[in-house]
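# Close look at the chain arrangement
Residues per chain are reported as follows:
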Amino acid sequence: DFDADHDLDFLVGGKGGTLLASSLRGGKFEDATQSLFGDGSAGEQEPCLEDFDGDGLVDVLHRDGSGFRMRKGGAPEGDHHFIASPNGPPISGDFDLDGLVDVIWSAEDRVASGLLGIGNKEPLPLNISGGTGTSTDLLVAEMDRNQNKPIALEILRLQEKGLEIWHDPAPKNKAMRLRYVGKKDNPDGIGAVVELRKGALYRRLFYRGGTQLLGLGKADYADVLRITWPNGVVRTDLDIEAGDPFALDLTLGEQTEGLIGSCPFLYSWNGEECEFISDVLGITPLGLPMGPGMLVPPDHDEYVLVRGDQLQPKDGFYELQFTEELREVTYLDRAELLIVDHPEGTEFKPNERFSFPPFPTPEPHLFDTPLAPTSATGSDGKDWTAALAATDDEHAAPMRTLKGQYLGLSDPHWLELDFDEEQTKDAERLRLVCTGWFYWTDASVNMATARTPNLDFVPPTILVPVQTNGVEVWQPIGPPVGFPAGKTKTMVIDLTDFLNREDPRLRIQSTLTLYWDSLRLALGDRDGDQRVTRLEAVEAELWHRGFSAPIEMCLTDQPERFDFEVLTKAARWNQHPGMYTRYGDTLPLLESIDDRYIIMGSGDALTLRFDASEAPALQPGFVRDYLVFLDGWAKDRDPNSVQALEVEPLPFHGMGSYPYPAELSFPDDEEHQRWREEWNTRPARRLMPPLSGEALSDWFAAKDLPALATPKR
């Protein structure tokens, strides 16, 4: 990863020249050779790739005439030339385990020659004497992994007469054995970047699987050990002892499975605390592929249900918190609060459904309390009737979930429902009310699925029984109906024209990891009996907040929820590079849908307040719920998301798809130019402090510390 943007680049070379192809993702690359090699090349032999000088960037060491040339990452003017007489290609590593990168090469009449601490201004020459003749090949490895002996490296020397192993009988320095296991990424963790810091000592290692060593010199422990997995998730551990800590604590080397991108979060003040409602704008992903060459068309608006008990006035205002806590950028163009009063005994639901075009209509649904199924049987043979009778956080889970690269998918499964035909036979309208939550897949899962035989992303499909030649078969009523767009949301499917009222059985089948909380059947039609009052925000304060701590769940079928009052001790990831909306009052940007929106990054929060005095008095015989209307988009930084590295290119309502075609562009009229100049004035923050010395000094010097703030009220 030559440009440190968390994707892999290609260095190609040989007699024909050198090409550094920098990944732009989505199968596209650009020629970045000039940035590293200037007008030169990497020679004909494969070079060494290491962070030789400890600045956190990849350097290149290659044969060049009478010696070696070091190309410093991002700085061709910093090249160094080393005089040597190599008989073979250079081999890099920390051979004396002092924490600095060394280089050796084969030489005549000795085991090897080299330079210790080659990234220093004055590296130390190294000559390992012994043996005769010239080596045909060298290899450096830890051959004796005895936990009762000091860690040491051996040099393996291949000659015509056989193999020689040279070892240090009295190693002076200490080291740490690394052994990582990938879960979400490849099982060997190949492609992760490991960083170690001890005092002023810094070492960066591109992890290639297996057991690898990091030298500590005389130190007994590392101050900081950080791994950045290929999917961008970062784990930082403090005070890790030398030796074999991964053998003592197996969880130390395991990749944590979890979401790094889905959508921003919504919280509401319920009278006692700020309560987590759900993730929102999940229907608006930008640059999300379903497979090679197939991108998800993003929707842009959503209605989110907030129950009456979840939103209460605070100091005369209804208060919502809209937060960006994943590795994403959010573009929010509109926010509005709708007060919905409806008759007692009825349920009010928006259609919180993710589906491919045509997108669901925004009309909400009102109905009398729906029927619970008289029976609900899963493809696993279990009875799920009680679990599906009410929305109570008790979920039906008839599936075997897949893990790792397929997280969010399951084996094909179904639930078969039956309802009381005495209740359904005279119903004019039938709607299936589906409440549950979906464990979001991401771009990498979608791409892996598309390339794996006999594995498919199949959203829920409704089937009904039909008779064919005297045999009952289950027949789909149409294409997949979509799925709940986040954590504990409801989608409403109209089955009036499909369900046999005298045999009201149906199946809902899928390959997604979907936990259904309730599947009920609404009879009749109460649409129009609700009274809706729309409130405009009177305050919209954008501020840096940090990241909410997840609430520990006892059961695996529960969606991950977050505690607004408790922040994590450290940032979870950095913001996308680019320009964001300035902190402070942003109310003018939410007044209309006009592509002049708020741009939020990881760790940002938007406090929205609505004047509660504008709410009408609740009439007798009615109950109150709320809808939050949101218009915008979200973009994560998954390695397989397209055009996802930076804030730009900006989305807009007329784009049709993202990335949008070359003939289209973001509006560039005077109004939008002024919006960029006046509002998008905040550069991205690097929330996690870098570990390399020079970068850390720059981080402090720039005062780029994520000082936590609170909104003005």
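Here is a short report on the structure shown in this document. Everything numeric in this text was worked out from a predicted model, so none of it was measured.

Next up on the list: the overall build of the protein chain. A tally of regular secondary structure across the protein chain gives six helices and 48 strands. On the principal axes, the C-alpha backbone points of the protein chain span a range of 100 × 65 × 50 Å. Looking at the protein chain as a whole, 55% of its 713 residues qualify as buried. A separation of at least 24 residues holds for 66% of the contacts in the protein chain among residues at least 6 apart in sequence. Carbon together with sulfur atoms contributes 50% to the accessible area of the protein chain, which is approximately 31,100 Å² in total. For the protein chain, the distance from the average position of its 67 positive side-chain charges to the average position of its 120 negative side-chain charges is 4 Å.

Once that is clear, we can look at the sheet that holds strand β33 (residues 430–438). Pairing is antiparallel in the open sheet, where three strands are placed in the order β37-β33-β39. A single partner strand is all that each edge strand has here, and the edge strands are β37 (489–494) and β39 (514–523). Within the sheet, the average angular offset between the axes of one strand and its neighbour, ignoring direction, is 20 degrees. As defined by bridge partners, β33 adjoins β37 across six bridges and the pair is classed as antiparallel. Pairing of threonine 435 across the sheet is with threonine 490, part of β37.

Right, let's get into the packing of aromatic side chains. Across all of its chains, the model carries 31 aromatic pairs by this definition. With centroids separated by 4.6 Å and ring planes inclined at 55 degrees, the aromatic side chains of phenylalanine 438 and phenylalanine 483 adopt a geometry described as tilted. Pair noted here: phenylalanine 438 is in strand β33 and phenylalanine 483 is in strand β36 (residues 483–484), with a separation of 45 residues, a long-range link. The same class applies to phenylalanine 438 as to phenylalanine 483, namely buried.

When the charged atoms of two side chains lie near each other, side chains of opposite charge can form a pair. On inspection of all chains with the given rule, the structure shows 44 salt bridges. The closest approach of N and O atoms between lysine 72 and aspartate 53, which form a salt bridge, is 3.0 Å. Of this pair, lysine 72 sits in strand β6 (residues 67–72) while aspartate 53 sits in the loop between β4 (48–50) and β5 (59–64); the two residues are 19 residues apart in sequence, bridging distant segments of the chain. A relative accessible area of 22% places lysine 72 in the partly exposed class. You can call aspartate 53 partly exposed: its relative accessible area is 22%.

Assignment of secondary structure puts arginine 25 in strand β2 (residues 17–25). What arginine 25 contacts, discounting residues up to four positions off in sequence, is Asp5, His6, Asp7, Arg637, Asp638, Pro639, Ser641 and Leu645.

To continue, consider the nonpolar core. Formed by 47 residues in total, the largest nonpolar core has its most connected members in Tyr318, Tyr331, Ile599, Leu606 and Leu630. Looking at this core, the elements with two or more residues in it are β25 (301–306), β26 (317–323), β27 (328–343), β40 (531–544), β45 (598–600), β46 (604–611), β47 (622–636) and α5 (670–679). Sequence-distant contacts of leucine 630, that is, excluding residues within four places in its chain, are made with Val280, Leu281, His300, Asp301, Glu302, Val304, Phe322, Leu332, Arg334 and Ala335. Core analysis: the second largest hydrophobic core is formed by 45 residues, Leu371, Trp384, Ala443 and Leu506 among them.

Rules of the game
- Residues numbered from 1 in each chain as written.
- Predicted model: local features only at pLDDT ≥ 70, side-chain atom pairs only at ≥ 80, totals over all residues.
- Heavy atoms only, no water.
- Helix = DSSP H or I, 4+ residues; strand = E, 2+ residues; numbered from the N terminus.
- Buried < 20%, exposed > 50% of the residue type's maximum accessible area, 1.4 Å probe, protein only.
- Contact = heavy atoms within 4.5 Å.
- Areas by Shrake-Rupley, 256 points an atom, 1.4 Å probe, with all protein chains shown as cover.
- Lys, Arg positive; Asp, Glu negative; His and termini not counted.
- Charge placed at Lys NZ, Arg CZ, Asp CG, Glu CD.
- Pairing = 2+ DSSP bridges.
- Axes fitted to C-alpha atoms, helices over the stretch in contact; angles between N-to-C directions.
- Phe/Tyr/Trp six-rings, centres within 6.5 Å; stacked < 30°, edge-to-face > 60°.
- Salt bridge = Lys/Arg side-chain N within 4 Å of Asp/Glu carboxyl O.
- Core = buried A, V, L, I, M, F, W, Y, C linked by side-chain atoms within 4.5 Å.

All quantities given are derived from atomic positions and should not be read as evidence of function.
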